[in-house]
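# Observations on the three-dimensional arrangement
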Amino acid sequence: MQWEVVIGLEIHTQLATQSKIFSGSATTFGSEPNTQASLVDLGMPGVLPVLNQEAVRMACMFGLAIDAEIGPRNVFARKNYFYPDLPKGYQISQMDLPIVGKGHLDIALEDGTIKRIGVTRAHLEEDAGKSLHEDFNGATGIDLNRAGTPLLEIVSEPDMRSAKEAVAYVKAIHALVRYLGICDGNMAEGSLRCDCNVSIRPKGQTEFGTRCEIKNVNSFRFIERAINSEIQRQIDLIEDGGKVVQETRLYDPNKDETRSMRSKEEANDYRYFPDPDLLPVVIEPGFLDSVRAALPELPPQKVERFQSQYGLSAYDANVLASSREQADYFEQVVKIGGDAKLAANWVMVELGSLLNKLGVEIDQSPVSAEYLGGMLLRIRDNTISGKIAKTVFEAMAAGEGDADSIIESRGLKQVTDTGAIDKMLDEMLAANAEQVEQYRAADEAKRGKMFGFFVGQAMKASKGKANPGQVNQLLKAKLEG
Amino acid sequence: MALQRSDVEKIAHLARLGLNEGELPRFTDALNSILGLVDQMQAVDTSGIEPLAHPLEATQRLRPDQVTESNQRDRYQAVAPSTENGLYLVPKVID
């Protein structure tokens, strides 16, 4: 049997506000337990929630960026359930009238094609606190610092057909919220979490199969693995004559399997109703216009501009625009260094592998965009060759200063004096007289490789400092005799 | 559509209300009479009327994104039945 996989995702993004969605408590991550939990967050009687305008503005930014309709009038509702890290006994969320309506996002698949993924809606809600299940003499510890942190829950259409597509979509959302500056995207700290709805159906069938929801997956790698293991579980189950039961499951990365959390039949009936403590939120057209005017350049436009303005390939443009920080870094290098293709190569290859090795993001790069741009200038004016540049780059990474001072202190300036190169070549050829004879006796086809040998010797003799173009030219003339 | 006793039991469980044997029939009747009133109201033609989310003719005021609360943990925890290392302690949660 050929199976088709159907995946829809719910992504919770923590909005990067200073204060909580309904109270004036701070949202700083990692503070001492319960030091950022006010009376409102604790759900004390008699308190009233007051909505944070920045959370509204950020939700509107997201809506505009995915071409969605922004609800001109949106309403908060209570989602009722009992859990100790939810002090009020309900979560303030949105149900019938969310702030962001239907929109879409394009993702690039591995074969280079573009697929459009529908976004059903995105709504504002408050996060819950944290339960710590380590044993406190048989009790559970509750930290309510996170309670009331603003979340934007982004719900996709069931448009994805493989784990890879799902990951590409999450990455696109991740890049988008970071471009917009509305979420720090830190998955390890839970700033972006993903629930994956997975079902399978025989290829060609139009109705969906029964789905399972994998809760709270918090890395790109785990999203792919969790979905794939769930797909395999469902296929095995059905092919063995069983039936998929609609339920919530958890992914265990150590065992690489999902296991049942609770079955939807027994799951809570949330009894949503409009929250009487909060009035309808009206989004004025003038406000929306000001949000639209302040939107930054988004990934698709940036990719296009990188191709037209800098003549980059679609691939290079996509890689460089994959994060706002990297795109900004690249443009700063071009601004100083002048050559966009050279800058693209250095940022993607040498800088990329350096950051990889150090395990840091580009905004913590030991080599600043100014330094890298300055070094490219020295490549372009022939002060150093591309090869020597790698030595200079390593020295910059080690904190030895900018390119000019490293070239100066280490004596790496390229030799372009024809007389000096001429003399060096004569000495080198004299030392390799036998090879010179062989070269002259060889036919044209073999000479290419042999010529490379002499170039190598010449660069070695000059410690890499001779200008390669001049070496080639002079050497050719000498060997042709 | 009248509520059965089992519906009331389920609703009571969701709301974590412990109703005893005597209360169950009483609440079933009371809830059914409320639903009877709702049935009567269903007869009113509401087409073209926007659903009411809130009885006040007003819209939500927004507050600026500023931290206005300071750490009052000790005072809040003074009234908590049990705390440890700054955490509120509750009976063990089994998921």
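All residue numbers here refer to positions counted from 1 along the written sequence of the relevant chain. To label them, take the chains in the order written and letter them from A, then take the ligands in the order written and number them from 1. Local features are withheld for residues below a pLDDT of 70 in this predicted model, meaning they are given only at 70 or higher, and side-chain atom pairs are given and counted only at 80 or more; totals for whole chains, interfaces and linings count all residues. As a rule here, side-chain values come from all non-hydrogen atoms in the structure, and water together with hydrogens is ignored.

### A closer look at helix α9 (residues 340–358) of chain A
Residues and elements named next belong to chain A. To be explicit about the condition: The secondary structure listing takes helices from DSSP runs of H or I that are at least 4 residues long and strands from runs of E that are at least 2 residues long, numbered from the N terminus. By this rule the span expected of a helix is its residue count minus one, scaled by 1.5 Å. The bend at a residue is defined as the angle formed between two axes, one fitted to the seven residues ending at that residue and one fitted to the seven starting there. Residues count as neighbours in contact if any of their non-hydrogen atoms are within 4.5 Å of one another.
The end-to-end C-alpha distance of α9, which contains 19 residues, comes to 25 Å, matching closely the 27 Å that a straight helix rising 1.5 Å per residue would cover. L351 marks where α9 bends most, by close to 35°. Buried positions along α9 lie against α6 (299–310), α7 (314–320), α8 (324–337), α10 (369–380) and α11 (386–397). Of the residues trailing α9, G359 is marked for its positive phi of about 65°.

### Remarks on the pairing of strand β9 (residues 139–143) of chain A
Moving residue by residue along a regular strand, the side chains alternate between the two faces of the sheet. All names here are of chain A. This is how the line gets drawn: Here's how the labels work: a residue is buried when its accessible area is under 20% of the maximum for its type, exposed when over 50%, partly exposed in between, all with a 1.4 Å probe on protein chains only. Any two strands between which DSSP finds at least two bridges are classified as paired.
Burial analysis of β9 places five of its five residues in the buried class, which makes it a mostly covered element. Where burial is concerned, the two faces of β9 agree: the one with A139, G141 and D143 and the one with T140 and I142 are both buried. Here four bridges tie strand β8 (residues 130–136) to β9, and the two strands are oriented antiparallel to one another. What sits directly across from F136, in β9, is A139. What sits between β8 and β9 in their antiparallel hairpin is a turn of two residues, with N137 showing a positive phi close to 50°.

### With respect to empty space enclosed by the protein
This is how the line gets drawn: Detection works on a 1 Å grid of protein atoms alone, calling trapped sets that fit a 1.4 Å probe cavities and calling open sets with protein on both sides within 12 Å along at least five of seven lines pockets, with lining residues defined by an atom within 4 Å of a point. Grid points are joined across faces, edges and corners, and a volume is the space filled by probe spheres set on the points. Three classes are used, and their members are as follows: Ala, Val, Leu, Ile, Met, Phe, Trp, Tyr, Cys and Pro are nonpolar, Asp, Glu, Lys and Arg are charged, and the others, Gly among them, are polar.
In total, this model carries two cavities of 30 Å³ or more according to the counting rule given. Across the lining of the largest cavity, the residue classes tally to six nonpolar, three polar and five charged.

### Some details on the sheet that holds β8 of chain A
Taken in spatial order, the four strands of this open sheet run β8(A)-β9(A)-β3(B)-β2(B), and their pairing is antiparallel. Every interior strand has two partners, whereas the edge strands, β8 of chain A together with β2 (83–84) of chain B, have only one. By the bridge criterion, four bridges tie β9 of chain A to strand β3 (residues 87–91) of chain B in an arrangement that is antiparallel. Of the residues in β3 of chain B, the one forming a bridge with T140 of chain A is V90 of chain B.

### A word on the environment of I223 of chain A
All names here are of chain A. Examined against the element boundaries, I223 turns out to sit in helix α4 (residues 220–239). Among the residues examined, I223 registers a relative accessible area of 0% and is labelled buried. Along the sequence, I223 and V245 sit 22 residues apart, while their C-alpha atoms lie 21 Å from each other.

### What about the UniProt feature "domain: Asn/Gln amidotransferase" (unreviewed entry) in chain A?
We apply this condition: UniProt positions are given in the numbering used here, feature names are shortened, and annotations may be inferred rather than shown by experiment.
UniProt feature "domain: Asn/Gln amidotransferase" (unreviewed entry): in the numbering of this structure it lies at residues 328–479 of chain A. For residues 328–479 of chain A, the end-to-end C-alpha separation is 48 Å, with 75% helix and 0% strand making up the annotated structure.

### Describing the nonpolar core
All names here are of chain A. Keep this limit in mind: As used here, the term nonpolar core means buried Ala, Val, Leu, Ile, Met, Phe, Trp, Tyr and Cys residues forming a set that is joined through side-chain atoms within 4.5 Å. An automatic or database domain assignment supplies the start and end points of every domain.
Counting 107 residues, the largest nonpolar core has F62, Y169 and M375 as its most contacted members. Per-element tally for this core: the top contributor is helix α3 (residues 163–180), with 11 residues. If you count residues domain by domain, this core takes at least three from each of domain 1 (3–290) and domain 2 (297–410). Those residues in contact with F62, other than ones at most four positions away along the chain, are A122, L152, I154, I173, L176, V177, L180 and I182. Counting 16 residues, the second-largest nonpolar core is a separate cluster that includes I421, L425, M428 and L475.

### Considering the packing of aromatic side chains
Residue and element names in this part refer to chain A. To be explicit about the condition: Within 6.5 Å between ring centres, the rings of Phe, Tyr and Trp (the latter by its six-membered ring) count as paired, and their orientation is classed by plane angle as stacked under 30 degrees, edge-to-face over 60, tilted in between.
Inspection of every chain in the model, using the stated rule, returns 10 aromatic pairs over all chains. With 5.5 Å between their ring centres and 80° between their planes, F22 and F76 make a pair best called edge-to-face. Of the two residues, F22 is situated in the loop between β1 (3–14) and α1 (39–42) and F76 in the loop between β3 (73–74) and β4 (77–80); the sequence distance between them amounts to 54 residues. Taking the centre distance of 6.3 Å and the plane angle of 70° together, the rings of Y270 and Y272 count as edge-to-face. On the basis of relative accessible area, Y270 is assigned to the partly exposed category, the value being 24%. By the ring-pair criterion, three or more aromatic residues cluster together here, those being Y81, Y270 and Y272.

### Some thoughts on a nonpolar patch on the surface
Under the convention used in this document: What goes into a patch is any residue over 30% in relative accessible area without a salt bridge, connected to like charges within 9 Å or, for nonpolar side chains (Val, Leu, Ile, Met, Phe, Trp, Tyr), within 5 Å. Values of accessible area rely on a 1.4 Å probe in the Shrake-Rupley scheme; residue burial ignores everything except the protein chains shown. Just to be clear on terms, a salt bridge is a Lys or Arg side-chain nitrogen sitting within 4 Å of an Asp or Glu carboxyl oxygen.
Among the surface-exposed residues, I34, L35 and V38 of chain B lie close enough to one another that they form a single nonpolar patch of about 220 Å² accessible area. For L35 of chain B, a relative accessible area of 32% corresponds to the partly exposed category.

### What about the sheet that holds β4 of chain A?
Strand order in this open sheet of three strands is β5-β4-β15 (chain A), and the pairing throughout is antiparallel. In this open sheet, the two edge strands, each paired with only one partner strand, are β5 (90–93) and β15 (273–274) of chain A.

### Thoughts on the domain arrangement of chain A
Here chain A is partitioned into domain 1 (3–290), domain 2 (297–410) and domain 3 (418–480). Between the C-alpha centres of domain 2 of chain A and domain 3 of chain A there is a distance of 32 Å.

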